[in-house]
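Overview (structure and organization)
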Amino acid sequence: GENVEQHPSTLSVQEGDSAVIKCTYSDSASNYFPWYKQELGKGPQLIIDIRSNVGEKKDQRIAVTLNKTAKHFSLHITETQPEDSAVYFCAARGGADGLTFGKGTHLIIQP
Amino acid sequence: KAGVTQTPRYLIKTRGQQVTLSCSPISGHRSVSWYQQTPGQGLQFLFEYFSETQRNKGNFPGRFSGRQFSNSRSEMNVSTLELGDSALYLCASSLAQRGAGEQYFGPGTRLTVT
């Protein structure tokens, strides 16, 4: 089955700086890669996603890149703000399975 | 449009008991997936239902089961509860089956087994 590795597990950045979270996947058949943000006491919230026929996607301060050859994808957050503090999960899906998630990155925005 | 709702939000059960959790998907969504979230194992896929049929299943014992009704609402059941079943159980709904659409999560049901 699919295996998703996510790094780093904790990321601390100064407010206004950029944050990058990286994930690798193992199944070359995976074709859908969403990113979720989870705040304390809430369910994961879909923030951006990318499909395997696209290399990059951007939505305001958030962007995701995908390198199918290397089987890795990354989340980029620019101009970070205090409300960006949360746990971020990457995931991959292909074929008949549900989403396979990474272990999560705790993003801390320092004032 | 209302989001995914899950009931109850919190539940405390004793080992050996059984529990039923409920999920109402976003209006118009026909696919419901269930996930278990624990600090040690993270988010793990349990199963997916589409049009009242289980379409695929994760690597969980048979004590975990579910069903979907004609209005797309879904329930999951865990029988003979074990301490290790303590977790946040999340439901996600999607417009279409499997890889065809985005999944939107509910707030989860926090199950504590004592």
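Per chain, residues are indexed from 1 in the order of the written sequence. Chains carry letters from A onward and ligands carry numbers from 1 onward, assigned in written order. Local features are withheld for residues below a pLDDT of 70 in this predicted model, meaning they are given only at 70 or higher, and side-chain atom pairs are given and counted only at 80 or more; totals for whole chains, interfaces and linings count all residues. In computing side-chain properties, one takes all heavy atoms of the structure into account and sets aside hydrogens as well as water.

**Structural notes on the overall build of chain B**
Applied cut-off: Put simply, DSSP marks the helices as runs of H or I at least four residues long and the strands as runs of E at least two long, and each gets a number from the N terminus on. Values of the radius of gyration come from C-alpha atoms, whereas the globule rule sets the reference at 2.2 Å times the count of residues to the power 0.38. To sort residues, take the accessible area from a 1.4 Å probe on protein chains only and compare it with the maximum for the residue type: under 20% means buried, over 50% means exposed, and anything in between is partly exposed. Residue contacts are defined here by distance: any two heavy atoms, one from each residue, within 4.5 Å place the two residues in contact. Residues scored as charged are limited to Lys and Arg (positive) and Asp and Glu (negative), so that His and the chain ends carry no count. Positions of charges follow a simple convention, taking NZ of Lys, CZ of Arg, CG of Asp or CD of Glu.
When helices and strands are tallied, chain B shows zero helices and eleven strands. The secondary structure elements of chain B, listed N-terminal to C-terminal, are β-β-β-β-β-β-β-β-β-β-β. At 13 Å, chain B has a C-alpha radius of gyration in line with the 13 Å of a compact globule built from 114 residues. Dimensions of chain B along its principal axes, counting C-alpha atoms only, are 35 × 25 × 25 Å. For chain B, the residues scored as buried account for 49% of the 114 residues in total. Considering only intrachain contacts with a sequence separation of at least 6, the fraction spanning at least 24 residues in chain B is 55%. Between the centroid of the 12 positive side chains of chain B and the centroid of its 6 negative side chains there is a distance of 3 Å.

**Remarks on the interface of chain A and chain B**
So the rule is basically this: Accessible surface is computed with a 1.4 Å probe, and the buried area is the amount of it that two parts give up when combined, taken over both parts together. Here, a salt bridge means any Lys or Arg side-chain nitrogen found within 4 Å of an Asp or Glu carboxyl oxygen.
Opposite the 19 residues of chain A that make contact, chain B presents 21 residues. Between chain A and chain B lies a buried interface of about 1500 Å² when both sides are counted; carbon and sulfur atoms form 49% of it. Inspection of the chain A/chain B interface yields one salt bridge. Between Glu-102 of chain B and Arg-51 of chain A there is a salt bridge whose closest N-O contact spans 3.9 Å. Within the residue set of the side of chain A that touches chain B, elements represented by two or more residues are β4 (32–38) and β5 (45–51) of chain A.

**Let's talk about the pairing of strand β4 (residues 31–38) of chain B**
Residues and elements named next belong to chain B. The condition that has to hold: If DSSP finds at least two bridges between two strands, the strands pair.
Summarising burial for β4: eight of the eight residues are buried, a large majority. Of the two faces of β4, the one holding Ser-31, Ser-33, Tyr-35 and Gln-37 and the one holding Val-32, Trp-34, Gln-36 and Thr-38 are both buried throughout. Pairing analysis gives eight bridges linking β4 to strand β5 (residues 42–50), with the strands arranged antiparallel. Bridged to Tyr-35 within β5 is Phe-45. The hairpin formed by β4 and β5 contains three residues between the paired strands.

**With respect to the pattern of salt bridges**
Residues and elements named next belong to chain B. Evaluated as defined, the whole model comprises eight salt bridges over all chains. A salt bridge links Glu-75 to Arg-73; its shortest N-O distance comes to 3.4 Å. Accessibility expressed as a relative area gives 24% for Arg-73, which makes it partly exposed. Shared partners join several salt bridges into a network, and the residues in it are Arg-63, Glu-82 and Asp-85.

**A look at the sheet that holds strand β8 (residues 74–78) of chain B**
Residues and elements named next belong to chain B. The cut-off we apply is this: All axes here are fitted lines through C-alpha atoms, helices being fitted over the stretch that makes contact, and every angle between N-to-C directions spans 0 to 180 degrees.
Taking strand neighbours across the sheet as the criterion, the four strands line up as β1-β3-β8-β7 in an open arrangement whose pairing is antiparallel. Of all strands in the sheet, those bounded by a partner on one side alone are β1 (5–7) and β7 (64–68). Pairs of neighbouring strands in the sheet enclose a mean axial angle of 20 degrees, with direction left out of account. The pairing of β1 with strand β3 (residues 19–24) spans three bridges and is antiparallel. Across the sheet, Thr-7 pairs through a bridge with Ser-22, a residue of β3.

**Remarks on the state of the cysteines**
Stated precisely, the cut-off is as follows: Cysteine sulfur atoms are paired as a disulfide whenever they fall within 2.5 Å.
Here the structure, examined in full by the defined rule, presents two disulfides over all chains. Each sulfur in the disulfide pair Cys-23 of chain A and Cys-90 of chain A lies 1.9 Å from the other. Between Cys-23 of chain A and Cys-90 of chain A the disulfide shows an S-S torsion of about -100 degrees. By sign, it is left-handed. Of the two residues, Cys-23 of chain A is situated in strand β3 (residues 19–25) and Cys-90 of chain A in strand β9 (residues 86–92); the sequence distance between them amounts to 67 residues. Of the two residues, Cys-23 of chain A and Cys-90 of chain A, both sit in the buried class. Here Cys-23 of chain B connects covalently by a disulfide to Cys-91 of chain B, the sulfurs 1.7 Å from one another. Around the S-S axis, the bridge from Cys-23 of chain B to Cys-91 of chain B shows a dihedral of about -45 degrees and counts as left-handed. Residue Cys-23 of chain B is found in strand β3, and its partner Cys-91 of chain B is found in strand β9 (residues 87–94); the two are separated by 68 residues along the sequence. Each of the two residues, Cys-23 of chain B as well as Cys-91 of chain B, counts as buried.

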